[in-house]
Amino acid sequence: MFGILASDFLKIRRKMIWFLIFLGPIGVLSLQAVNFTLRYEYLTDLYKADLWGGLMNNVTMLAVPTIFIGLAIITSMIANIEHQTNSWKQVLALPISKFSVFTAKFTLGLILLFVSSTLLGLGTIILGLVLKFGSSIPYLELLKIIYYPYFAVMPFIALQIWLAITYKNQATALTIGIIGTVVSMYAVIFPDWVPYKWPTLENQWGEPLYSVGFGLLVGLLIYLMGLLDFIRRDVK
Amino acid sequence: MIKVFQSEFLKLKKSSIWLLIFVSPLLSTLVGIGEAFVGDSNEEEWLITLSIMSYIHALLFLPLLTGVFSAFVCRYEHVGGGWKQLLALPVSRGNIYSVKFLLVIMLLALTQLLFTVGVLSVGFIKGYNEAIPVGEILKSVMGGWIACMPLAALQMFVSVAWSSFAAPLAINVIFTLPNILVVNSAKYGPYSPWAQPFLAMMPRFDESFGALNVPPETLFIVIFGSFALFFLSGFTYFQRKEI
């Protein structure tokens, strides 16, 4: 299992994937840096009760759609390594189970997005310090806004990796990812059971942990369904 | 040129990509129907609907779809080593590039047409009393279409250059996502080619926000300037590219 994961890490070298993993958080933060520098007086006045909270709100506002589109692109690139060289057959001819192959790809996606989320958290701290928001950094809140959406978006990571692996034509996976991104921007108005709403962490109970719980549960379910399908599917 | 177009059209018909032209108009129509705006709803009800739907359609969907279309018309050549076979035919590279670009533009035009149908049907379903502001709707739809051309040109360039499907799309996303912030800025919004579809499609009200207050002349300079730059660089690149 670890061997396969290690080989997957090798395969993504020089594929621009790491570049995108860094670019996501850097892009979000530099946009917010521009936003806050240009309107420093206005925004610091608007959020004067809770400067860090204001910054974190603005960061998540951009981060959620970025995570949605980012995970679609990253999973597609991960799966496309095999599609492009027609090497699914070779990979599956190795003495390893289909379970491990699928799980390794899924885990790779999870790890990459985890790295991206962590970078976003670290970057937010740096940005806040540069903007002179004081040294009373709300670490706990920061951890929540960084990792809660990451867990709540799990169903989509599972879905996209399955789509990207199953359909050779990456337009399918990427289009569904794009639709998801646009839908996620208006997701707050949806009823609570819609998965697109979970990464926004809004629900009628006012408890973000419920969104996280739903996300993890449904994510696991979709992963298992994708796995079953991958195991039974004929590889051309 | 017409023959090349026909053959490209045939390839397109066999793929399911044209289904994508329905996605965004359909979603924005649903939102248009679902949205119940309050206040003095008798005034400018068409324009309010148009702006709600444009918000969904043009802020992210349209620029991103432009990228998908461009990547797709190059995909079937990248996948089966089709570039070589295509260029071995007695057709010029310039023709092939222009035809592929035209195809993307055509798909976008169909999308815009469906969007118009969407706007009109929302109006009829809700039974608006006001006369249909034909001029405003046409201006919005045509403007959005023209504003997509620079993006289509750039995406053709990167799609031809890279065989991966996701890479050109990543470029597109990198420039399109900032739209969420950029369109609010009166200073920078007008100069971002990726914000143009949105700026062109939003109907103007008396009190508009951000970059919407910019005179159309500025926008046209940005659109045509970036189009010329992107199209010519892509065109020259394809002429010299080693296949």
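Going by an unreviewed UniProt entry, chain B carries the name ABC transporter permease and comes from Robertmurraya mangrovi.

In the nomenclature of an unreviewed UniProt entry, chain A corresponds to ABC transporter permease from the organism Robertmurraya mangrovi.

What about the overall build of chain A?
Assigned secondary structure in chain A consists of 10 helices and zero strands. Listing the helices and strands of chain A from first to last along the sequence gives α-α-α-α-α-α-α-α-α-α. Taking 2.2 N^0.38 as the reference for a compact globule, 236 residues should give roughly 18 Å; the C-alpha atoms of chain A span a radius of gyration of 19 Å, in line with that estimate. If one aligns the C-alpha atoms of chain A with their principal axes, the spans along those axes are about 60 × 40 × 30 Å. Considering chain A as a whole, with its 236 residues, one finds that 41% of them fall into the buried category.

Some remarks on the overall build of chain B
Across its full length, chain B holds 10 helices and zero strands. By the compact-globule yardstick of 18 Å for 243 residues, chain B fits well, its C-alpha radius of gyration being 19 Å. On the principal axes, the C-alpha backbone points of chain B span a range of 65 × 40 × 30 Å. Burial status across chain B gives 44% buried among its 243 residues. Of the contacts formed within chain B by residues at least 6 apart in sequence, a portion of 81% connects residues at least 24 apart.

Looking at the interface of chain B and chain A
Contacts between chain B and chain A engage 21 residues on the former and 23 residues on the latter. Tallied by class, residues from the side of chain B that touches chain A come to 20 nonpolar, one polar and no charged.

Focus: the UniProt feature "transmembrane region" (unreviewed entry) in chain A
Residues and elements named next belong to chain A. In the numbering used here, UniProt assigns the "transmembrane region" (unreviewed entry) feature to residues 16–38, 58–81, 102–133, 145–165, 172–189 and 209–231. A distance of 26 Å separates the end C-alpha atoms of residues 172–189, which is 78% helix and 0% strand. Secondary structure content for residues 209–231 is 100% helix and 0% strand, and the end C-alpha separation is 33 Å.

Overview of the nonpolar core
Soluble globular proteins tend to bury their nonpolar side chains together. Residues A:Ile73 and B:Ala153 are the most contacted members of the largest nonpolar core, which totals 129 residues. In terms of residue count, the dominant contributor to this core is helix H3 (residues 45–79) of chain B (17 residues). Apart from the residues within four sequence positions on either side, B:Ala153 is in contact with B:Phe101, B:Phe227, B:Phe230, B:Phe231 and B:Gly234.

Brief notes about the UniProt feature "transmembrane region" (unreviewed entry) in chain B
Residues and elements named next belong to chain B. Here, the residues flagged by UniProt with the feature "transmembrane region" (unreviewed entry) are residues 52–74, 101–125, 137–158, 165–183 and 218–238. Between the C-alpha atoms that bound residues 101–125 there is a distance of 36 Å. The span itself is 100% helix and 0% strand. The annotated region residues 165–183 carries 79% helix and 0% strand content, and the separation between its end C-alpha atoms amounts to 28 Å.

Re helix H7 (residues 139–152) of chain A
Residue and element names in this part refer to chain A. Taking 1.5 Å per residue, 14 residues should reach 20 Å; H7 reaches 20 Å between its end C-alpha atoms and fits that length. For H7, the full list of buried residues reads Leu142, Ile145, Ile146, Tyr148, Pro149, Tyr150, Phe151 and Ala152. Tucked inside the fold, the buried residues of H7 contact helix H4 (51–84), helix H6 (98–130), helix H8 (154–166) and helix H10 (208–232).

Quick word on unusual backbone geometry
Residues and elements named next belong to chain A. Residue Met16 is not a glycine yet carries a positive backbone phi of 70°. In this fold, Met16 is placed in the loop between helix H1 (2–11) and helix H2 (17–38). Of note in this structure, Lys132 is not a glycine but carries a positive phi near 60°. With respect to the helices, strands and loops of the structure, Lys132 is situated in the loop between H6 and H7. Residue Lys132 is classed as exposed on the basis of its C-beta count, with 10 C-beta atoms lying within 10 Å.

Thoughts on the confidence of the model for chain A
For chain A, per-residue confidence averages 87 on the pLDDT scale, and residues scoring 70 or more make up 100% of the total. Within chain A, the lowest mean pLDDT, 82, falls on helix H3 (residues 40–46) of chain A, and the highest, 93, falls on H8(A).

What about the confidence of the model for chain B?
A low pLDDT score tells you not to read the predicted coordinates there in detail. Per-residue confidence for chain B gives a mean pLDDT of 84; residues scoring 70 or more make up 93%. Among the scores for the predicted complex, ipTM is 0.77 and pTM is 0.84.

As for the packing of helix H5 (residues 93–126) of chain B against helix H10 (residues 216–240) of chain B
Residues and elements named next belong to chain B. Running from N to C, H5 and H10 cross one another at 140°; their axes reach a closest spacing of 9 Å. Judged on the interaxial angle alone, H10 and H5 are oblique. Crossing hand, H5 versus H10: right-handed. On the side of H5, the interface is formed by Arg93, Gly94 and Tyr97, while H10 contributes Phe235, Phe238 and Gln239. Considering only residue class, the contact of H5 with H10 consists of three nonpolar, two polar and one charged.

Definitions and limits used
Residues numbered from 1 in each chain as written. Chains lettered and ligands numbered in written order. Predicted model: local features only at pLDDT ≥ 70, side-chain atom pairs only at ≥ 80, totals over all residues. Helix = DSSP H or I, 4+ residues; strand = E, 2+ residues; numbered from the N terminus. Rg over C-alpha atoms; globule rule 2.2 N^0.38 Å. Buried ≥ 20, exposed ≤ 12 C-beta atoms within 10 Å, placed from the backbone. Contact = placed C-beta atoms within 7 Å. Nonpolar A, V, L, I, M, F, W, Y, C, P; charged D, E, K, R; others polar. UniProt positions renumbered as here; feature names shortened; annotations may be inferred. Core = buried A, V, L, I, M, F, W, Y, C linked by C-beta atoms within 7 Å. Expected span 1.5 Å × (residues − 1). pLDDT = per-residue confidence, 0-100. Axes fitted to C-alpha atoms, helices over the stretch in contact; angles between N-to-C directions. Parallel < 35°, antiparallel > 145°, perpendicular 65-115°, else oblique. Left-handed = near helix turned anticlockwise from the far one by under 90°.

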